[in-house]
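Notes for the structure review
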Amino acid sequence: MTRAPMEHSPASTATTEVSALTRELSLEGYLRMVRIRRFEEEAMRRAMAGEFSGMHSSSGQEAAIVGACLALRDDDYITGTHRSHGHPIGKGADLKPLMAELYGKATGICKGRGGSMHLADRKVGIIGESAIVGGGIPLATGAGLSIQVRGTDQVSLCFFGDGAANQGTFGESLNLAAIWKLPVIFLCENNLYAISTPVAKSHGQPDIALRAAGFGLPGVIVDGQNLTAVYAATAVAVSRARHGGGPTLIEAKTYRFEEHCLNLQVPIPYRTPQELERYKSQRDPLQLHRQDMLNSAIGEAEIAAIEREVTAEVADAVTFARQSPQPDASEVYDYLFSNPIHYPPEPAP
Amino acid sequence: MALSQALKAEAYRRMLRIRRFEEEGTRLFKEGAIPGAYHASIGQEAAIVGACLALNNDDAMTGTHRSHGHPIGKGADLKPLMAELMGKATGICKGRGGSMHLADNSVGIVSESAIVGGGIPLATGVALSAKVLKTQRVCLCFFGDGAVNQGTFHESLNMGALWRLPVIYFCENNGYAITTSLAGSHGQPSIAARAQAYGMPGALVDGQDVSAVYDATCEAVARARRAEGPTLIEAKTYRYDEHNVGLLIPGKPYRPPEEVEEYRTRRDPIILFRQRLLQEGFTEGDLGAIEQEVERAVEEAIRFAAESPAPSAESLFDYMYSDPVGSRGA
């Protein structure tokens, strides 16, 4: 019997104890979430205007990303996915080199070589954003092994989606991390759909966190639209990892507001417009957190100031990207090999 | 579902066939009559036979590098198996497969393969085929404790559960992947507990008790035939010999000799079952007759294999492509 596509059931969310964010982190969290949202909205407009091609928007998933990143230190590692814009922004990256990368410019975070799916900002600890579904999971596990071997107290956090949880790399990596007690946080942004395939049509049972027990690590389900809840769950996992307690699998139940990627036409509807509308109107992580802040005596003026600041930052990033130069043709072979190939070829001696 | 008296005798016969086949095969391997590597199933007979007896003749199976026990457990003729070990033209794979590939199609074996974890997606595919074709066939997939850590296990069990495929994932957990213990390679020790991750039942069974293995597998087979989906069975078993015969493991022993001795003397599946049969209405005469019959069958298999011809050089390129390559060019 095939289960019907479904929204995340309320019963399966928010099982962790929620410890409140400090006022400072609450504001910082909101700042970063608004950055992601505005960055993505503006990037979509620019891409649709033909200024660069293709992107996967993180709109709707901001709380899952930022809540996790807020629980990390600057020197902790993360790995990400094809939906790569939110992760560096959530970890605190400067927007300019990210936007420039979307434009393929020489000032981009990967010098214009990576594009939308590879916004890997090393400065904020990102060791890889990659379009290989499930490819970041063993990388993050390897980073965890490196931390253990070097004896530092860093941790490695691995973002991946619900689709990636069905890759063999997931099973192999979680087992190794558990047996070696590696300082890794496996954070699944479960947005319910792998492109157009619902979790109910691709997973033997719908809760990805339940997979943890089979590998011998804790599994936690958290409401991915609730910044504070994601932060709290990740903070527990990070503390466990830093103190030699090993990995944790966190499943953040979230939702994406846009299609899988820009301009994707899905001929057969895989989710209802009503479902999308419900998430946008009732489960928008920015709106929910904004209301939380107002309820906790953070004033409208302070919040609006953040929003204005971000609007200006994003506009600056676009200006920076547009005005930056393209990579030079003579550099086309740079960064490919440790022993570079020269172009045009040097004349034979 | 308890074993009938007739099935009890058959269980004893098949376990003994595996044991004696492997003992003689080991001897021949040491004498140089069998090339390649030799992975004996000695010690794991109850897990194999208990599982196989729960299947119909036309049910499918996939196996592993430790491939001799599976066809014998499923009821195969010993002659083409022994001939295959010797690389003869009369072998079950016409001498092309050797010890790790005793895949006897006539008893439903789709594949035996040395790729660790490689049979798991194959079995899942066979079950998908049974579902699409709407047959009542089930597929039983043998694999070891090491294979459980392959990505194929994870991917296959999820799909098997999702599509409710008629497959039985049967882990012969003999405690060691070559020399790596379960404790040194699995995040937690229960393989059956991994089933929950995919939304299927997981069953733990004493793999030295043929009757218990049979019962657990019958339940899983019935579930699969009712189109209720797969089951993961973990049979705790033990291998007596090294991973492969003659393997020298330098350094500190990975298992204590007392552990091997304990299994050989007190947990041997054949000794245990023989004692039980004597308490359950079988006489020494009944069992002695089975033992003699098995002895003869193994002797015949060895004679058949020894007397069979090697594959001819002309047939070297046969069975490789649907459009065969001529051995001497165009």
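Here we summarise the structure given alongside this text. Predicted, not measured: the structure shown is a model, and the values here were computed from it. (Residues numbered from 1 in each chain as written. Chains lettered and ligands numbered in written order. Predicted model: local features only at pLDDT ≥ 70, side-chain atom pairs only at ≥ 80, totals over all residues. Heavy atoms only, no water.)

**Observations concerning the overall build of chain A**
The helix and strand tally for chain A stands at 11 helices and 8 strands. Computed over C-alpha atoms, the radius of gyration of chain A comes to 20 Å, within 12% of the 20 Å expected from 2.2 N^0.38 for 349 residues, which places it in the range of a compact globule. If one aligns the C-alpha atoms of chain A with their principal axes, the spans along those axes are about 70 × 50 × 45 Å. Taken over 349 residues, chain A has a buried fraction of 55%. Long-range contacts, defined here as pairs at least 24 residues apart, represent 77% of the contacts in chain A between residues at least 6 apart. (Helix = DSSP H or I, 4+ residues; strand = E, 2+ residues; numbered from the N terminus. Rg over C-alpha atoms; globule rule 2.2 N^0.38 Å. Buried < 20%, exposed > 50% of the residue type's maximum accessible area, 1.4 Å probe, protein only. Contact = heavy atoms within 4.5 Å.)

**A closer look at the packing of helix 2 (residues 62-70) of chain A against helix 8 (residues 227-242) of chain A**
Residue and element names in this part refer to chain A. One way to put it is that helix 2 packs onto helix 8 with a least axis distance of 7 Å and a crossing angle of 40°. Regarding the angle of helix 2 to helix 8, the classification is oblique. In the crossing of helix 2 with helix 8, the sense of the turn from one axis to the other is right-handed. When helix 2 is examined against helix 8, the residues Ala63, Ala64, Val66, Gly67, Ala68 and Leu70 are found in contact with a partner set consisting of Leu227, Val230, Tyr231 and Thr234. (Axes fitted to C-alpha atoms, helices over the stretch in contact; angles between N-to-C directions. Parallel < 35°, antiparallel > 145°, perpendicular 65-115°, else oblique. Left-handed = near helix turned anticlockwise from the far one by under 90°.)

**Describing the packing of aromatic side chains**
Counted under the stated rule, the structure contains 13 aromatic pairs over all chains. A ring pair is formed by A:Tyr255 and A:Tyr279, whose centres lie 3.9 Å apart and whose planes are at 5°; its orientation type is stacked. A residue pair is termed long-range when its members are at least 10 positions apart, and A:Tyr255 in the loop between strand 8 (248-253) and helix 9 (273-282) and A:Tyr279 in helix 9 qualify at 24 residues. Given the relative accessible area of 0%, A:Tyr255 is considered buried. A:Tyr279 sits in the buried class, given a relative accessible area of 4%. Considering the side-chain rings of B:Tyr176 and B:Tyr254, the 5.2 Å spacing of their centres and the 75° angle between planes classify their relative orientation as edge-to-face. Linking B:Tyr176 in strand 5 (residues 176-177) with B:Tyr254 in the loop between strand 8 (231-236) and helix 8 (257-266), this pair joins segments that are 78 residues apart in sequence. B:Tyr176 sits in the buried class, given a relative accessible area of 11%. Given a relative accessible area of 17%, B:Tyr254 falls into the buried group. (Phe/Tyr/Trp six-rings, centres within 6.5 Å; stacked < 30°, edge-to-face > 60°.)

**What about the interface of chain B and chain A?**
The interface is formed by 21 residues belonging to chain B together with 23 residues belonging to chain A. Here chain B meets chain A over a buried area of about 1700 Å², counting both sides, of which 49% is carbon and sulfur. Per-residue buried area on chain B facing chain A is highest for B:His154, B:Leu162 and B:Ala197; these three make up 30% of the total on that side. Applying the counting rule to chain B against chain A returns 0 salt bridges. Seen at the junction of chain B and chain A, the total is 15 residue pairs in polar contact (both at pLDDT 80 or more). Here the side of chain B that touches chain A is built from residues that sort into 6 nonpolar, 12 polar and 3 charged. (Buried area = accessible area lost by both parts, 1.4 Å probe. Salt bridge = Lys/Arg side-chain N within 4 Å of Asp/Glu carboxyl O. Polar contact = N/O pair within 3.5 Å; in protein donor to acceptor, adjacent residues only side chain to side chain. Nonpolar A, V, L, I, M, F, W, Y, C, P; charged D, E, K, R; others polar.)

**A look at the nonpolar core**
Residue and element names in this part refer to chain B. Ranked by internal contacts, the top residues of the largest apolar core, which has 70 residues, are Met82 and Phe170. Sorting elements by how many residues they give to this core places helix 1 (residues 5-31) first, with 9 residues. The residues contacting Met82, other than those within four sequence positions of it, are Phe21, Gly25, Leu28, Ala301, Ile302 and Ala305. (Core = buried A, V, L, I, M, F, W, Y, C linked by side-chain atoms within 4.5 Å.)

**Digging into unusual backbone geometry**
Residues and elements named next belong to chain B. Within the chain, Lys134 stands out as a residue other than glycine whose phi angle is a positive 55°. Within the secondary structure layout, Lys134 lies in the loop between helix 5 (119-132) and strand 3 (139-144). Phi at Arg164 is positive, roughly 50°, even though this residue is not glycine. Following the sequence through the fold, Arg164 ends up in the loop between helix 6 (151-162) and strand 4 (167-173). The exposure class of Arg164 is partly exposed, given its relative accessible area of 31%.

**Details of the sheet that holds strand 4 of chain B**
All names here are of chain B. Pairing is parallel in the open sheet, where 6 strands are placed in the order 2-1-3-4-8-7. Strands at the two margins of the open sheet, each flanked by one partner only, are strand 2 (109-111) and strand 7 (202-206). On average, adjacent strands in this sheet sit at an angle of 25° to one another, irrespective of strand direction. Helix 2 (residues 45-53) rests against strand 1 (60-62), strand 3, strand 4 and strand 8 of the sheet, and its axis sits at about 170° to strand 3. Contacting strand 3, strand 4, strand 7 and strand 8, helix 7 (residues 210-225) runs over the sheet at an angle of about 155° to strand 4. (Pairing = 2+ DSSP bridges.)

**Regarding the pattern of salt bridges**
Scanning the entire structure with this criterion turns up 39 salt bridges over all chains. The closest approach of N and O atoms between A:Glu302 and A:Arg23, which form a salt bridge, is 2.6 Å. Residue A:Glu302 is found in helix 11 (residues 300-323), and its partner A:Arg23 is found in helix 1 (residues 23-48); the two are separated by 279 residues along the sequence. A relative accessible area of 31% places A:Glu302 in the partly exposed class. A residue is classified by how much of its surface remains accessible, and A:Arg23, at 45% relative accessible area, is partly exposed. One salt bridge connects A:Arg38 with A:Glu41, and the closest N-O pair in it is separated by 3.4 Å. With A:Arg38 and A:Glu41 both in helix 1 and 3 residues apart, the pair spans about one turn of that helix. For A:Glu41, a relative accessible area of 31% puts it in the partly exposed group. When salt bridges that share partners are traced, they join B:Arg20, B:Glu23, B:Glu24, B:Arg27, B:Glu31 and B:Glu295 into one network.

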